[in-house]
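Structural features, examined
Chain by chain, the residues:
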Amino acid sequence: FSVNGNRATITTFADNPEFFTIVDEEGKELSLKFVEEYSGYQPEDARFETCLIQLAQDENQNHYIVFSPDMKSRWPFQILANETLFLTRLGALVELDQIPAVGWETNQSFGSGRGYIFSRTIPMMKETLILGHGADTYCLYFPHNDYVGKYNAGWDLNIIADKPHNMYMGIVINTGGISLLAMLALWGVYLVQSFRLYRRAAFSSFREYVGAAIFFGVCGFLVTGLVNDSSVSTFPLFYGLLGTGIAINRMLLRPAHGGELL
């Protein structure tokens with residue numbers, strides 16, 4: 001574990017579960033003091049004065065070492081013959097693995113926790129650069145066992161991330177990179193066409209005003225997609241307006257009877 005960048009290691013012993021040692025990253029063993037108020041031990045070192053270590057035993061005579069890095073949260077580990085495993089709130093014994101993460105190392109609280117979700121989602125995208133896992137399967141593949149990452153990001157350890165809070169990342173995970181490229185091509189053609197059309201429009205007809213309004217609405221929706229998910233409550237409206245906008249563009253670009261070609 002580490003506190004403010006200072007690392008230390010707790011060593012437990014299966015043959016003597018009521019004994020443990022703590023050494024810092026230089027290999028120096030830290031002395032401990034017993035804190036009667038908490039029935040636990042604190043390192044006599046200013047770097048780790050917020051830490052508390054307690055010993056416990058359940059009704060099945062299983063031995064635990066309970067570690068608290070901040071005198072508030074409790075991390076129980078069961079001491080076994082060859083390993084020490086973390087005991088989750090659901091009663092499962094698991095290893096605390098280091099989950100792959102990219103970016104937002106010092107700002108995981110960005111965007112109401114989106115920094116943490118984005119940093120775990122990017123490594124997931126390596127498996128879906130071509131084909132995705134399936135529509136709305138993000139929740140099944142997110143690393144929910146990232147207990148340490150959740151704690152460091154200020155999350156509840158049992159919280160479930162069911163959406164990436166980024167429409168584009170969600171498309172890659174759910175339906176694949178090819179799917180995202182196809183959608184970007186569709187949106188890109190419409191945006192470029194609309195920009196060229198309405199930049200020089202005379203706005204002499206109601207159709208031009210509606211087309212421009214839809215264009216700006218589509219732009220806003222695609223921008224908010226950087227920090228929001230797609231949903232069945234908004235996408236039908238979005239694609240309905242997108243189709244209407246494409247149709248209006250075609251009508252404005254094609255000379256009608258008695259009309260003018262822009």
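Right, let's walk through the structure included here. For clarity, every value in this text was computed on a predicted model and none was experimentally measured.

Description of the pattern of salt bridges
In a structure, side chains of opposite charge can pair up when their charged atoms sit close to one another. Enumeration over the complete set of coordinates arrives at 5 salt bridges. Measuring nitrogen to oxygen at the nearest pair gives 2.9 Å for the salt bridge that ties aspartate 45 to arginine 47. Between aspartate 136 and lysine 163 there is a salt bridge; the shortest N-O distance is 2.9 Å. Of this pair, aspartate 136 sits in the loop between helix H1 (110–124) and helix H2 (138–141) while lysine 163 sits in the loop between helix H3 (147–152) and helix H4 (167–175), and the two are 27 residues apart along the sequence. Of the residues examined, aspartate 136 reaches a relative accessible area of 55% and is grouped as exposed. The exposure class assigned to lysine 163 is partly exposed, which follows from its relative accessible area of 28%. Within this structure, Asp24, Asp45 and Arg47 form a network of salt bridges that share partners.

Things to note about the sheet that holds strand S3 (residues 20–24)
Pairing within the open sheet is antiparallel, and its 3 strands lie in the order S1-S2-S3. At either margin of the open sheet sits one strand with a lone partner, and together these are strand S1 (2–3) and S3. In the sheet, S1 pairs with strand S2 (residues 6–12) via 2 bridges, with the strands oriented antiparallel. Residue pairing across strands places serine 2 opposite arginine 7, the latter belonging to S2.

Some details on the nonpolar core
In terms of nonpolar packing, the biggest core is built from 34 residues, with Phe142, Met167, Trp187, Tyr198, Val218, Leu222 and Phe238 touching the most fellow members. Contributions of two or more residues to this core are made by H1, H4, helix H5 (177–199), helix H6 (206–224) and helix H7 (235–253). Core analysis: the next-biggest nonpolar cluster, separate from the first, contains 16 residues, Leu30, Cys51, Ile53 and Phe77 among them.

Overview of the side chain of threonine 21
With respect to the helices and strands, the residue threonine 21 is situated in strand S3. Filtering out sequence-adjacent residues up to four positions away, threonine 21 remains in contact with Thr9, Ile10, Thr11, Phe13 and Glu29.

As for the layout of surface pockets
By volume, the largest pocket is sized at about 1,200 Å³. Together, 31 residues line the largest pocket, and Phe1, Ser2, Leu96, Val148 and Asn152 are the ones closest to its centre. Of all the elements in the fold, those that place two or more residues in the lining of the largest pocket are S1, S2, strand S7 (63–68), strand S8 (75–79) and H3. With 6 residues, the top contributor of residues to the lining of the largest pocket is S2. Class assignment of the residues belonging to the lining of the largest pocket gives a composition of 15 nonpolar, 10 polar and 6 charged. Roughly 320 Å³ of internal volume is contained in the second largest pocket. Residue lining of the second largest pocket: 18 residues in total, with Asp136, Lys163, Gly170, Asn174 and Ser230 positioned closest to the centre. Sorting the residues of the lining of the second largest pocket by element identifies H4 and H5 as the ones contributing at least two each. Of the residues contributing to the lining of the second largest pocket, the split by class is 8 nonpolar, 7 polar and 3 charged.

Cut-offs used in this document
- Residues numbered from 1 in each chain as written.
- Predicted model: local features only at pLDDT ≥ 70, side-chain atom pairs only at ≥ 80, totals over all residues.
- Heavy atoms only, no water.
- Salt bridge = Lys/Arg side-chain N within 4 Å of Asp/Glu carboxyl O.
- Helix = DSSP H or I, 4+ residues; strand = E, 2+ residues; numbered from the N terminus.
- Buried < 20%, exposed > 50% of the residue type's maximum accessible area, 1.4 Å probe, protein only.
- Pairing = 2+ DSSP bridges.
- Core = buried A, V, L, I, M, F, W, Y, C linked by side-chain atoms within 4.5 Å.
- Contact = heavy atoms within 4.5 Å.
- 1 Å grid on protein atoms, 1.4 Å probe; cavity = no way out; pocket = protein on both sides within 12 Å on 5 of 7 lines; lining within 4 Å.
- Points joined across faces, edges and corners; volume = space filled by probe spheres on them.
- Nonpolar A, V, L, I, M, F, W, Y, C, P; charged D, E, K, R; others polar.

All we've got here are geometric facts, nothing functional implied.
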